[in-house]
Amino acid sequence: MRLGLIAVPVAFFALFFAYPVTAIVGRGFRTDDGWRFGRIGEVLGRPDILDVLWFTTWQALASTALTLLIALPGAYVFARFAFPGKQVLRAVVTVPFVLPTVVVGTAFLAVLGRGGLFDELWGVRLDTTVWAILLAHVFFNYAVVVRTVGGLWSQLDPRQEEAARVLGAGRFAAFRRVTLPALVPAVAAAALMVFLFTFTSFGVVQILGGPAYSTLEVEVYRQTAQLLDLPTAAVLTLVQFTAVGAILAVHAVTVRRRERALKLVDPAQTSRRPRGAGQWALLGGVLLTALLLILLPLGVLVERSLDGPGGYGFGYYRALQSAGSGATSTFLVPPLEAVGNSLRYALVATLIALVVGGLAAAALTRRAGRLVRGFDALLMLPLGVSAVTVGFGFLITLDKPPFDLRTSWILVPLAQALVGVPFVVRTMLPVLRAVDERLREAAAVLGASPLRAWREVDLPLVRRAVLVAAGFAFAVSLGEFGATVFIARPDTPTLPVAVARLLGRSGELNYGQAMALSTILMLVCAVSLLLLERIRTDRSGEF
């Protein structure tokens, strides 16, 4: 039964992930004279590539440290304080995580770039600097720390720390000896995820970094799409693959340690109103951080989309209805059609991700040996392996019957589903493991087939988890850019691809349309997240 459930996910990942990635890497190492693995040393010895590797690593470390510094106070506030508007604020700080990186880059461009808020007020431009990249990464990953660390912190029994203080320990000593050791695995897991996302950063660096800064992902794109240097791209892909594999392995260890080491309580028992000036000041500081770090870029993005040549209005939005003409035209079709394209693609990708991810989660429900645990880890690889490599691999592999899909619309949803499947598995797996096995056994004794037992027992209990998983898969599919930029047809662009095309051309109209499209994409993602929060959060205030 387990092997039957695993068969579909394995076939899906083998055909649409392993095959394209292996093919593109293989082409980089294969020559007429045979295989040349000596290229690894040649490429890694180049000064320009060493600069890319160094920048990729240190900016990821700096982004992770800065994100932890800024987000940990927020994690504490959401874990321990009860205050009006908490659920709304929690949804607001989570919005950046589901936003496409193209929108994040565009929002910070509106604040820090030429003609942006800082440029107008103080004559300061931070685009094409590392500070713009670091701030955008904090904006994007703030919710990772708040959700991961805050979710656990809210379930730690505060009476243990209180008991330490009764025995004579000071506030800091009690925190350091009791609470901090319990939080270390969660902090480590959050830090590893932030490092993973920033190590593989593409859209943010592409838009804000300019030609001076390049991560591995950006360099793979440049070597593949612009220079057609497949050997260099193949080596960089292997380096990134190795690094991501190591990160995921360490992350899996920290998660397992956290799961078996902690005893948790109901979050409703640990949350109370702030007391004293210090706690109110901390709450105020977190609110101010959310205002400046999250709401300000999004607000400026909306403002720039409305600030047309003739004053404030919807001129840029109306311009999205026209494709333009002549050599200056950026699109074959009106840019507004990208909205419908993205929604259709994302819906199909969500359906695929639910089927593949649901079957994978069902197969992983019972804890098993190394083979199944290895399969669990492999499901996370699409989050870290170069999406650029996957997209280009689609073009060079899926071009022959029976899988000649290069001209088919289904190619984009398939690439998007690869990113959505890990979120489906991570959302549904804990809930499926919580279902009492005796219920399934009782259904089997009464004559129910495995399929009917799943439909009658498991599905009603995990229905909400399925809806939450669908929301995440839809949001991440809507914003996928790295692979889609290769395979989206010129006459059917997605929203992120359309925004990138507009930003890639000069002119005030193109810039304003990019802001308008980014605003539309932001609103669609925000609405999806708010609906997800409504499903996810019950009356008990579950984090």
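The shown structure was predicted, so the numbers you read here are calculated from the model rather than taken from an experiment.

(A) Representation of the overall build of the chain within the structure. Counting secondary structure elements, the chain contains 23 helices and four strands. Within the chain, buried positions represent 52% of all 543 residues. Residue pairs at least 24 apart in sequence account for 79% of intrachain contacts in the chain once pairs closer than 6 positions are excluded. Of the roughly 24400 Å² that the chain leaves accessible, carbon and sulfur atoms contribute 64%.

(B) Structural detail: helix H5 (residues 101–112). Relative to the 16 Å expected for 12 residues at 1.5 Å per residue, H5 spans 16 Å between its end C-alpha atoms, a close match to the ideal helical length. Along H5, 11 of the 12 residues are buried, which leaves the element largely enclosed by surrounding structure. Taken together, the buried positions of H5 are Val 102, Val 103, Val 104, Gly 105, Thr 106, Ala 107, Phe 108, Leu 109, Ala 110, Val 111 and Leu 112.

(C) Looking closely at the confidence of the model for the chain. The pLDDT averaged across the chain works out to 81; a share of 85% of its residues lies at or above 70. Ignoring residues within four places in sequence, the model shows residues 538–543, a span with pLDDT below 50, making 14 contacts including any to other chains.

(D) Just the nonpolar core, in detail. Of all hydrophobic cores here, the largest spans 164 residues; its most connected members are Phe 12, Leu 99, Phe 394 and Leu 517. Top element by residues in this core is helix H7 (residues 130–153). It accounts for 16 residues. Excluding its chain neighbours within four sequence positions, the residues that come into contact with Leu 517 are Leu 320, Pro 335, Val 339, Leu 495, Ala 498, Val 499 and Leu 502.

(E) Structural detail: the pattern of salt bridges. This model, assessed by the stated rule, comprises six salt bridges. Salt-bridge contacts for Glu 219 lead to Arg 222; the nearest nitrogen and oxygen are separated by 2.8 Å. With Glu 219 and Arg 222 both in helix H11 (residues 216–226) and three residues apart, this pair spans about one turn of that helix. When its relative accessible area of 3% is taken as the criterion, Glu 219 is described as buried.

(F) Spatial organisation of the layout of surface pockets. Volume-wise, the second largest pocket comes out at about 920 Å³. Lining the second largest pocket are 33 residues; nearest its centre among them are Leu 109, Leu 503, Gly 504, Arg 505 and Tyr 511. When contributions to the lining of the second largest pocket are tallied by element, the ones reaching two or more residues are H5, helix H10 (203–208), H11, strand S3 (307–308), helix H22 (495–503) and helix H23 (508–536). Among the elements that take part in the lining of the second largest pocket, H22 stands out by supplying five residues, more than any other. Looking at side-chain class alone, the lining of the second largest pocket contains 14 nonpolar, 10 polar and nine charged residues.

(G) Representation of the side chain of Ser 214 in the model. With respect to the secondary-structure elements, Ser 214 resides in the loop between H10 and H11. Within the structure, the side chain of Ser 214 is placed 3.0 Å from the side chain of Glu 219, a separation counted as a polar contact. Excluding its chain neighbours within four sequence positions, the residues that come into contact with Ser 214 are Val 52, Phe 55, Thr 56, Val 205 and Glu 219.

(H) Main features of empty space enclosed by the protein. Enumeration over the complete set of coordinates arrives at three cavities of 30 Å³ or more. The computed volume of the largest cavity comes to approximately 590 Å³. For the largest cavity, the lining is made up of 31 residues, of which Thr 101, Phe 140, Phe 197, Leu 383 and Val 419 are closest to its centre. Of all the secondary-structure elements, those providing two or more residues to the lining of the largest cavity are helix H4 (86–98), H7, helix H9 (171–199), H10, helix H18 (411–434) and helix H20 (450–479).

(I) Representation of the environment of Ala 163 within the structure. One can find Ala 163 in helix H8 (residues 158–166). In the structure, Ala 163 is positioned 11 residues away from Ala 174 in sequence and 8.7 Å away in space, judged by C-alpha atoms.

(J) Region of the structure containing the packing of H4 against H7. Where H4 contacts H7, the two axes come as close as 6 Å, and the packing angle between them is 125°. Judged by the angle between their axes, H4 and H7 are oblique. Of the two possible hands of crossing, H4 and H7 adopt the one that is left-handed. Facing H4, whose interface residues are Arg 90, Val 93, Thr 94, Pro 96 and Phe 97, H7 presents Phe 139, Phe 140, Tyr 142, Ala 143, Val 144 and Arg 147. Here the contact of H4 with H7 is composed, by residue class, of eight nonpolar, one polar and two charged.

About the criteria used
Residues numbered from 1 in each chain as written. Predicted model: local features only at pLDDT ≥ 70, side-chain atom pairs only at ≥ 80, totals over all residues. Heavy atoms only, no water. Helix = DSSP H or I, 4+ residues; strand = E, 2+ residues; numbered from the N terminus. Buried < 20%, exposed > 50% of the residue type's maximum accessible area, 1.4 Å probe, protein only. Contact = heavy atoms within 4.5 Å. Areas by Shrake-Rupley, 256 points an atom, 1.4 Å probe, with all protein chains shown as cover. Expected span 1.5 Å × (residues − 1). pLDDT = per-residue confidence, 0-100. Core = buried A, V, L, I, M, F, W, Y, C linked by side-chain atoms within 4.5 Å. Salt bridge = Lys/Arg side-chain N within 4 Å of Asp/Glu carboxyl O. 1 Å grid on protein atoms, 1.4 Å probe; cavity = no way out; pocket = protein on both sides within 12 Å on 5 of 7 lines; lining within 4 Å. Points joined across faces, edges and corners; volume = space filled by probe spheres on them. Nonpolar A, V, L, I, M, F, W, Y, C, P; charged D, E, K, R; others polar. Polar contact = N/O pair within 3.5 Å; in protein donor to acceptor, adjacent residues only side chain to side chain. Axes fitted to C-alpha atoms, helices over the stretch in contact; angles between N-to-C directions. Parallel < 35°, antiparallel > 145°, perpendicular 65-115°, else oblique. Left-handed = near helix turned anticlockwise from the far one by under 90°.

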